[in-house]
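Each chain is listed here by its residues.
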Amino acid sequence: MSIITVTGSASGIGAAVCEQLKEQGHTVIGIDRQKADVVADLSTAQGRKAAADQAIKSSNGKLDGLVCCAGLGVTAPSSSLLVSVNYFGTTELIGLLQSALSKSESPAITVIGSVAATQQVAKPHNLVELMLNNDESAARELADELGQPHVAYSSSKYALTLHCRRLAVKHGSNGIRLNVVAPGAVETPLHEASKNDPRFGEAVRNFIAPIGRNGQPSEIADAVTFLQSPKASFIHGSVIYVDGGMDAMMRKGNM
Ligand code: NAI
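These lines cover the structure that appears in this document, whether it is placed above or below. Bear in mind the structure is a predicted one, so any value in this text is a computation, not a measurement.

This part is about the packing of helix 2 (residues 45-58) against helix 3 (residues 79-101). One can describe the packing of helix 2 onto helix 3 by two numbers: an axis separation of 9 Å at closest approach and a directional angle of 35°. As helix 2 runs across helix 3, the sense of the crossing is right-handed. On the side of helix 2, the interface is formed by Ala45, Arg48, Lys49, Ala51, Ala52, Ala55 and Ile56, while helix 3 contributes Ser84, Phe88, Gly89, Glu92, Leu93, Leu96, Leu97 and Ala100. Residues that form the contact of helix 2 with helix 3 fall into these classes: 10 nonpolar, two polar and three charged.

So, about the pattern of salt bridges. Taken as a whole and judged by the stated rule, the model has seven salt bridges. With a closest N to O distance of 2.9 Å, Asp53 and Lys49 form a salt bridge. With Asp53 and Lys49 both in helix 2, this residue pair falls four residues apart, about one helical turn. Take Asp53: its relative accessible area is 38%, and that puts it in the partly exposed class. Take Lys49: its relative accessible area is 43%, and that puts it in the partly exposed class. For Glu192, the salt bridge goes to Lys195, with nearest N and O atoms at 3.4 Å. Within this pair, Glu192 and its partner Lys195 are both found in helix 7 (residues 189-195), separated by three residues, close to a single helical turn. For Glu192, a relative accessible area of 38% puts it in the partly exposed group. One network of salt bridges, in which partners are shared, links Arg48, Glu92 and Glu136.

As a packed pair, helix 3 and helix 5 (residues 136-146) sit with axes 8 Å apart at the nearest point and diverge in direction by 150°. Looking at the two axes, helix 3 sits roughly antiparallel to helix 5. The way helix 3 lies across helix 5 gives a crossing that is right-handed. Side by side, helix 3 and helix 5 meet where Ser79, Ser80, Leu81, Val83, Ser84, Phe88 and Glu92 of the first sit next to Glu136, Ala139, Arg140, Ala143 and Asp144 of the second.

Let us look at the pairing of strand 5 (residues 108-112). Counting buried positions along strand 5 yields five of five residues, so the element is predominantly enclosed. Burial of strand 5 is two-sided: the residues Ala108, Thr110 and Ile112 facing one way and the residues Ile109 and Val111 facing the other way are all buried. Two strands pair when backbone bridges link them, and strand 4 (residues 65-68) and strand 5 are joined in this way by four bridges, in the parallel orientation. Following the sheet pairing, Val67 is matched in strand 5 by Thr110. For the handedness criterion, the β-α-β arrangement of strand 4, helix 3 and strand 5 is classed as right-handed.

Not every one of the 29 residues close to the ligand is listed here, only the nearest: Ser11, Ile13, Asp32, Tyr153 and Thr188. Residue Cys69 places a main-chain N or O atom 3.0 Å away from an oxygen atom belonging to the ligand. Contact between the ligand and Tyr153: an oxygen atom at 2.7 Å from a side-chain N or O atom of the residue. For the ligand, whose free accessible area comes to 830 Å², the fraction covered by protein is 95%. For the shell around the ligand, the elements supplying multiple residues, two or more each, are helix 1 (12-23), helix 6 (149-170) and helix 7. The leading source of residues in the shell around the ligand is helix 7, at three residues. Residue composition of the shell around the ligand, by class: 15 nonpolar, 10 polar and four charged.

By way of backbone hydrogen bonds, the strands of a sheet pair with one another, either parallel or antiparallel. Spatially, seven strands are ordered 3-2-1-4-5-6-7 in an open sheet, and the strand pairing comes out parallel. Two strands close off the open sheet at either side, each with one partner strand: strand 3 (38-39) and strand 7 (239-242). Taken strand by strand, helix 1 contacts strand 1 (3-7), strand 2 (27-32), strand 4, strand 5 and strand 6 (177-183), and its axis lies near 165° from that of strand 1.

On to the packing of aromatic side chains. The geometry of two aromatic rings is summed up by the distance between their centres and the angle between their planes. Here the structure, examined in full by the defined rule, presents one aromatic pair. With centroids separated by 4.8 Å and ring planes inclined at 85°, the aromatic side chains of Tyr87 and Phe88 adopt a geometry described as edge-to-face. As far as burial versus exposure is concerned, Tyr87 and Phe88 are alike and both buried.

Cut-offs used in this document
- Residues numbered from 1 in each chain as written.
- Predicted model: local features only at pLDDT ≥ 70, side-chain atom pairs only at ≥ 80, totals over all residues.
- Heavy atoms only, no water.
- Axes fitted to C-alpha atoms, helices over the stretch in contact; angles between N-to-C directions.
- Helix = DSSP H or I, 4+ residues; strand = E, 2+ residues; numbered from the N terminus.
- Left-handed = near helix turned anticlockwise from the far one by under 90°.
- Contact = heavy atoms within 4.5 Å.
- Nonpolar A, V, L, I, M, F, W, Y, C, P; charged D, E, K, R; others polar.
- Salt bridge = Lys/Arg side-chain N within 4 Å of Asp/Glu carboxyl O.
- Buried < 20%, exposed > 50% of the residue type's maximum accessible area, 1.4 Å probe, protein only.
- Parallel < 35°, antiparallel > 145°, perpendicular 65-115°, else oblique.
- Pairing = 2+ DSSP bridges.
- Right-handed = clockwise from strand over helix to strand, strands pointing away.
- Near = heavy atom within 4 Å.
- Polar contact = N/O pair within 3.5 Å; in protein donor to acceptor, adjacent residues only side chain to side chain.
- Areas by Shrake-Rupley, 256 points an atom, 1.4 Å probe, with all protein chains shown as cover.
- Phe/Tyr/Trp six-rings, centres within 6.5 Å; stacked < 30°, edge-to-face > 60°.

In short, geometric facts, not functional conclusions.
Okay, here's the thing in structure tokens:
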């Protein structure tokens, strides 16, 4: 069976992904700030390097998969921290683990984006450009200057999704499949904190998917484990919405 690294393994969606992968017989190397095989802080360059080094060491230099779930929501201590974890904590780790992944027969990466990436607030934003230009210090500075965590969040997920799509095209021939899963509202500690936030709580509570309920972490993990499996061998560069119809509702009239 395969060796798969999962970030954000200690909670919510990441924990559900680890559980399913282990049930399927895979070896999982969890990365998180706490309660993980590899305890590391993905908000810093040193933390990302330490996480990658330990994951490579634990897998003897060959990894079959990477699932990037670590992330912060609108209640993050600061917008700069959110940008560092959600965007750079994922994109830099993918770069650092690419060579170990390329040693596998059929490597696959799944990145957790968000339905929030399709919100208009993110697209034209300078913050997106700074992230895509890999300028972490300028992106952090602008994020804090704006002081709008919901803009930082949607921008981080928009930039992350675009980065992954570009990477999928650029590196298609190196054999590493790369897809994004974009969840809607999923009942996790991150979502609970947003629901209780005095600034965003009401909007989050009223944002109900057409299907009439929020998702469970296991329903996101179902999509992730499928994408990591050989059954998804021709799926590459895709964004799969697992959102109870939220994207269809928000972008009705668009594909
Ligand atoms: P969660 O809060 O339950 O889990 C996130 C995990 O990321 C935690 O274990 C946390 O310790 C870890 N993490 C945060 N900062 C880190 C850092 N600096 N270094 C290492 N690990 C760090 O949240 P949830 O909901 O499971 O979120 C997982 C992903 O799903 C996130 O990327 C989030 O943006 C995304 N998402 C969640 C949605 C939801 O409604 N729950 C909706 C759409 C996307």
